[in-house]
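Observations on the model geometry
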Amino acid sequence: MIRINDIMDKVAEYFAGDNADIIERAYVYSARVHDGQVRLSGEPYLSHPLEVAGILADMKLDPVSIAAGLLHDVVEDTHASAEEIESIFGPEVRHIVMGVTKLSAMPVSSAQARQAENIRQMILAMADDIRVILIKLADRLHNMRTLQFHVPRKQKVIAQETLDIYAAIAARLGIYWIKSELEEGAFRYINTESYEKIIGLVAKNKTERDKFIKKVKALIEEKMIAEGLECEVIGRYKSNYSIYQKMLQQNLAFEEVYDIIAFRIILDTIPQCYEVLGIIHSMWKPIAKKFKDYIGVPKPNMYQSLHTTVIGPMGERVEIQIRTKEMDRVAQSGIAAHWSYKEGRQVDENVSSTYAWIQNLVENQENFHDPDEFMENVRIDLFPDEVYVFTPQGEIKSLPKGATPVDFAFMIHTEVGNQCTGAKVNGRMVPLKYELVTGDIVEIITSKNHNPSKDWLNFVKTVKARSRIRQWIKTQDKERSLSLGREMCEKAFRKYRMNFNTFLKSDEVGEIVAEFGFKTAEDLIASIGYGKITPLQIIRRFAAKAGEEENKESIFTKIVGQVRKKRPKAGVMVKGIDDILVRFGKCCQPVPGDAITGYITRGYGVTVHRSNCVNALKMNPERQIDVDWNRETKESYPVKIRVRSYDRVGLLADIASTISQKGANILSAETTTRESKVVDSYFTIVVADTDQLNETLTAIKKINLVQEVHRLRR
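The paragraphs below set out a description of the structure included in this document. The shown structure was predicted, so the numbers you read here are calculated from the model rather than taken from an experiment.

Some words on the side chain of Q321
Mapped onto the fold, Q321 is located in strand 5 (residues 317-324). At 3.0 Å, the side chain of Q321 forms a polar contact with the side chain of R323. Dropping the residues within four chain positions of it, Q321 is found in contact with R236, F263, R264, I265, Y303, S305, L306 and H307.

Structure (structure tokens):
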């Protein structure tokens, strides 16, 4: 366990102010209120805030931030109050501590909603005071370091959230050492088998690779000395998670991943960086399209460096990064390298403009209330691979890779996006789905009477564009559904000799609207037009309220009050509707055990998708309906899987036999063998649920020479 003296020594190395004693006072207070509490590991609870404070000191944060780190759990986990924190440590520490505390207690219904609200609060906290999220990152980092003390199920849940959100936030803030450690820790628990396999493969030829690092490093240093350039050369292994990601994204076997090792050359000035780039390219042949100049065009998180890949001394590809000492400091610390505070005010005035994306994130998320949609859009915002384009006036704009002129138009202004009819890129007309590349000059052509198209949702990449288009479609849909709902209600009420307008003017209408979970009668009528509820459900409630159910013979009691014959149970139950056509989305092929959602389609009943299906996330939320698996039925469902393996005699027979042994049936199979003798096999199999699917995948993984097995998302 780290000691308070170790933390004070770290702070003394970079902080020369006179208020460092606040750290010691926070330590004493934290020790007192946490006294008697222990962690799952059996250690005193105080070890956790101390470790968090140590991580913040490694980030070189100011004493106020470190004091807040020592106190970050006291309000939530002890008898300490916010007022007491303020009276002892001041309003600034209280503000940060309460910001962190808010992120920990989310009183919401489901686990998904809790995670979504947690992340929403983090986004707001980033915009309010970046130190809140820095403490939260340090908190999560230490929790990941002690994750082995949790039960396996919880380990996976925490690791997945860490990978999806916290590692992404660390990357967006430019704190790459935290990003890397969070990814490695999460990878270890989410996919233990692949993690251990890659560790084994990297270790296999480590002696040879260490010799290679030594040789290349010596060649570079020798050349730099000859050119009179002082520099530091570092050779390093890439992280196991980044190697795994490259294997997945580029469909490579481990032996085909060439850049497991990377080199970094650190110098004093920017001109020296470009000089060294020329020297490296004169030593070894550069690979076309593998050069990136992040010094001339920095990343939004302030990362700067020159990246190049060359054919090295032994004919192997070598990735080299070239940067100054200051750039290296920023590359490691990100926003923490710039975010210093004095009397509650930010010193570095440029940081707020550099991190304008945080404000955009806040603005973009205000319109999303559905947890699934919100989480998906946060991921889009947190994982951008930017391109840099220009307005006709020369102003630079950063967009995610794959963005189109429509994304650019909505970035300029919502009205420009809504009225976009065409676009010119570099002076030439292009289709609206044209993918922008760095350096493009984009001009948007607008028309006052033009409106967004639903088809734009198929190619836009930014959250802002998608949300504004969906907002417009939702408005149009509501108007149509309101008209249709009113028409359906009037017809249904007439059928049972009742008056719909009388219902709207009755005293019972407000009560019935509330029972269905709506605020106004207009919303209730629109939901009928959407197909979420039926006019008959309204009539039943109204009749009951009006007393018509009390043993009176009427057309209503004869027709509506009859006990319906039960239909045969289907594989999926739809909330609130007991007689509706249900079909499954071919895009995602859900099976029992998957989280699912329904989408009401006019004339085709309800289509069921997996909750994380791309098409489900494009749905109008008004057309979504709650669905659940009916556990009473025993049906089978098709699923597509991919198996990657090395070629050998009898491989396909072994895979087919294993699938059959697990009770699954093969509907189709397709295999492709590459020159490297790696075989990609695609199967469509029929299973009863996710448990049977997972058992089948696990069994296939154990077959000799099988490298990887996974379910296809689409």
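Regarding the pattern of salt bridges
Enumeration according to the criterion identifies 25 salt bridges in this entry. For D58, the salt bridge is made with K10, and the minimal N-O distance between the two is 2.8 Å. Here D58, found in helix 3 (residues 47-58), pairs with K10, found in helix 1 (residues 4-14); they are 48 residues apart in sequence, far enough to count as distant. Measuring nitrogen to oxygen at the nearest pair gives 2.9 Å for the salt bridge that ties E515 to R541. Here R541 lies in helix 26 (residues 535-546) and E515 lies in helix 24 (residues 509-515), a separation of 26 residues in the sequence.

Let's talk about the nonpolar core
One recurring pattern in soluble globular proteins: nonpolar side chains tend to sit buried together. Residues I7, I23, L71 and V93 are the most contacted members of the largest nonpolar core, which totals 72 residues. If near-sequence neighbours (up to four positions away) are discounted, I7 is found in contact with I2, I23, L50, A53, G54, A57 and I66.

So, the sheet that holds strand 5
With respect to topology, five strands assemble into an open sheet ordered 1-2-5-4-3, the strand pairing being mixed. Of all strands in the sheet, those bounded by a partner on one side alone are strand 1 (232-237) and strand 3 (292-293). Strand direction decides the pairing type here: strand 3 and strand 4 (residues 306-311), joined by two bridges, are antiparallel. From the neighbouring strand, D293 faces strand 4, where its bridge partner is L306.

Remarks on the sheet that holds strand 21 (residues 678-687)
Spatial strand order, 20-21-19-22: four strands in an open sheet with antiparallel pairing. Each edge of the sheet is formed by a strand with only one pairing partner; in this case those strands are strand 20 (665-673) and strand 22 (706-711). On average, adjacent strands in this sheet sit at an angle of 15 degrees to one another, irrespective of strand direction. Where strand 19 (residues 637-646) and strand 22 come together, five bridges link them in antiparallel fashion.

Criteria and thresholds
- Residues numbered from 1 in each chain as written.
- Predicted model: local features only at pLDDT ≥ 70, side-chain atom pairs only at ≥ 80, totals over all residues.
- Heavy atoms only, no water.
- Helix = DSSP H or I, 4+ residues; strand = E, 2+ residues; numbered from the N terminus.
- Polar contact = N/O pair within 3.5 Å; in protein donor to acceptor, adjacent residues only side chain to side chain.
- Contact = heavy atoms within 4.5 Å.
- Salt bridge = Lys/Arg side-chain N within 4 Å of Asp/Glu carboxyl O.
- Core = buried A, V, L, I, M, F, W, Y, C linked by side-chain atoms within 4.5 Å.
- Buried < 20%, exposed > 50% of the residue type's maximum accessible area, 1.4 Å probe, protein only.
- Pairing = 2+ DSSP bridges.
- Axes fitted to C-alpha atoms, helices over the stretch in contact; angles between N-to-C directions.

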